[in-house]
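The primary structure of each chain is shown beneath.
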Amino acid sequence: MKTRITVLCENLVGRLVGSGEHGFSAFIERDGGNYLFDTGSGHSVVANSLVLNKDLRTIRKIFLSHGHHDHTGGLPEVLKLKGEVDVHVHPNLFLDRIAVLKEDDKETKRFVGIPYKKAYLEFLGANFLLSKDFFEVEKEVFLTGEVPRKTLFEKPDPRLFVEMEGKATQDILLDDQSLILNTKKGLVVIFGCAHSGIINILNHAIHKTGKEKFYAIMGGTHLDFLTPEQLEESIKFLKKMKIEKLSVSHCTGMRAAFRLHQEFGDRFFYGYVGSVLEV
Ligand SMILES: [Fe+2]
Ligand SMILES: [Fe+2]
């Protein structure tokens, strides 16, 4: 079975076509059908699908990694083309989320949750399937569900909060889930933002699938928003794992991407808009 994964939305553009935006989305083509993992923030998913020749009407399922706007904001645009489709999410996807950012010595509060109501998305064709658990969605296609937070060095982003009844509490993003494809060459793991920590996610994938060889890992890793120590610890663990190709995008940031390139050499590639991984 052939698998081709194309980065559809991402912060940077690396080929001659497409637009960048703060967000992530990947188009997955397999002999058994096509899938969409995340939808970007809404500006580029349709436009990039057209220039990259990926027909959004052919997707069998949509997976959303978590409830942040930069992964869910493109959903209405996709639904307007596709119509009815199963959308696999964690029940916490619809929480109200905020980020508190320091800008010019001032604290700024931003709404960063899913920008649309569930009922509106259902009206456009979304059939939400809620699950917190690891499960096989289709043959050899798995969702991690909630990822146990076990490493001591992978910490939640301190700027993120959930707002409930006017009260803000730290958002540990229990809804963060990644997609796992089991291929002949090994597992392929696609992260959204990896808010659970990439090492926690990879350990969970090993534990649940019983396999420890990763052909590739890719997507947003959130490494640049955290501490330099966390980045170095993550690198240490990654080097101990069996990973053939390592690609990062989106919330990885340049500092972390350069460090990973330095460590992993030819096994590393940056996942720009239009980057393709073929298995
Ligand atoms: Fe993100
Ligand atoms: Fe996120």
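It should be emphasised that the depicted structure is a prediction, and the values quoted were computed from it without experimental measurement.

1. A word on the coordination of the iron ion (ligand 2)
Okay, step 1: For the iron ion (ligand 2), the protein coordination sphere consists of His66 (NE2), His68 (ND1), Cys193 (SG) and His195 (NE2), at 2.2 to 2.7 Å.
Okay, step 2: Coordination at the iron ion (ligand 2) is irregular, judged from the 4 donor atoms that bind it and the angles of 89 to 170 degrees they form at the metal.
Okay, step 3: In primary sequence terms, the donor set of the iron ion (ligand 2) follows H-x1-H-x124-C-x1-H.
Okay, step 4: Metal-to-metal, the separation of the iron ion (ligand 2) and the iron ion (ligand 1) is 3.5 Å; Cys193 coordinates the two.

2. Re the coordination of the iron ion (ligand 1)
A four-donor tetrahedral metal ideally has 109.5 degree angles, and a six-donor octahedral metal ideally has angles of 90 or 180 degrees.
Okay, step 1: Surrounding the iron ion (ligand 1) are the protein donor atoms Asp70 (OD), His71 (NE2), Cys193 (SG) and His250 (NE2), which sit 2.1 to 2.3 Å from the metal.
Okay, step 2: If you look at the iron ion (ligand 1), its 4 donor atoms make angles of 83 to 161 degrees with each other, and the shape they trace is irregular.
Okay, step 3: Of note, the iron ion (ligand 1) draws all its donor residues from one chain, in the sequence arrangement D-H-x121-C-x56-H.

3. So, the packing of helix H6 (residues 228-240) against helix H7 (residues 254-264)
Okay, step 1: For the pair H6 and H7, interaxial distance at closest approach is 11 Å and the crossing angle is 30 degrees. Between H6 and H7, the crossing angle belongs to the class labelled roughly parallel. By crossing handedness, the relation of H6 to H7 is classed as right-handed. Touching Pro228, Leu231, Glu232, Ile235, Leu238 and Lys239 of H6 are Arg255, Ala256, Arg259, Leu260, Glu263 and Phe264, all from H7.

4. Some details on the sheet that holds strand E1 (residues 3-9)
Okay, step 1: Read across the open sheet, the 7 strands follow the order E8-E5-E4-E3-E2-E1-E18; overall the sheet is mixed. In this open sheet, the two strands that pair with only one neighbour each are strand E8 (126-130) and strand E18 (276-278). With strand direction ignored, the average angle separating the axes of adjacent strands in the sheet is 20 degrees.
Okay, step 2: By the bridge criterion, 3 bridges tie E1 to E18 in an arrangement that is antiparallel. Residue pairing across strands places Arg4 opposite Glu278, the latter belonging to E18.
Okay, step 3: Sheet strands in contact with helix H3 (residues 75-82) are strand E3 (33-37), strand E4 (59-63), strand E5 (85-89) and E8, and its direction is about 165 degrees off that of E4.

5. Some remarks on the side chain of His88
Okay, step 1: By the secondary structure assignment, His88 is in strand E5.
Okay, step 2: With relative accessibility at 5%, the residue His88 sits in the buried group.
Okay, step 3: In this view, His88 contacts Lys61, Ile62, Phe63, Leu64, Leu129, Phe135, Val137, Leu143 and Gln177; residues no more than four positions away in its chain are not counted.

6. Some thoughts on unusual backbone geometry
Across residues other than glycine, the phi torsion is negative in most instances, and most of the peptide bonds are trans.
Okay, step 1: A positive phi angle, close to 65 degrees, is found at Asp105, a residue other than glycine.
Okay, step 2: As for its position among the elements, Asp105 is in the loop between strand E6 (97-103) and strand E7 (106-111).
Okay, step 3: Taking the relative accessible area as the measure of exposure, Asp105 reaches 77% and is therefore exposed.
Okay, step 4: Its identity is not glycine, yet Glu140 carries a phi of approximately 65 degrees, on the positive side.
Okay, step 5: As for its position among the elements, Glu140 is in the loop between strand E9 (135-138) and strand E10 (141-143).

7. Digging into the packing of aromatic side chains
Okay, step 1: Summed over the entire model, instances satisfying the criterion amount to 6 aromatic pairs.
Okay, step 2: For the pair Phe134 and Phe142, a centre-to-centre distance of 5.5 Å together with 20 degrees between the ring planes defines the contact as stacked.
Okay, step 3: Overall, Phe142 belongs to the buried group, its relative accessible area being 11%.
Okay, step 4: Sitting over the face of the ring of Phe237, Lys240 holds its NZ or CZ atom 4.6 Å from the ring centroid.

Calculation notes
- Residues numbered from 1 in each chain as written.
- Chains lettered and ligands numbered in written order.
- Predicted model: local features only at pLDDT ≥ 70, side-chain atom pairs only at ≥ 80, totals over all residues.
- Heavy atoms only, no water.
- Donors = N, O, S within 2.8 Å, 3.2 Å for Na, K, Ca; no water.
- Tetrahedral: all angles 85-135°; square planar, octahedral: opposite > 155°, others 65-115°.
- Axes fitted to C-alpha atoms, helices over the stretch in contact; angles between N-to-C directions.
- Helix = DSSP H or I, 4+ residues; strand = E, 2+ residues; numbered from the N terminus.
- Parallel < 35°, antiparallel > 145°, perpendicular 65-115°, else oblique.
- Left-handed = near helix turned anticlockwise from the far one by under 90°.
- Contact = heavy atoms within 4.5 Å.
- Pairing = 2+ DSSP bridges.
- Buried < 20%, exposed > 50% of the residue type's maximum accessible area, 1.4 Å probe, protein only.
- Phe/Tyr/Trp six-rings, centres within 6.5 Å; stacked < 30°, edge-to-face > 60°.
- Lys NZ or Arg CZ within 6 Å of the ring centre and 35° of its normal.

Spatial relationships are all this shows, so hold off on functional conclusions.
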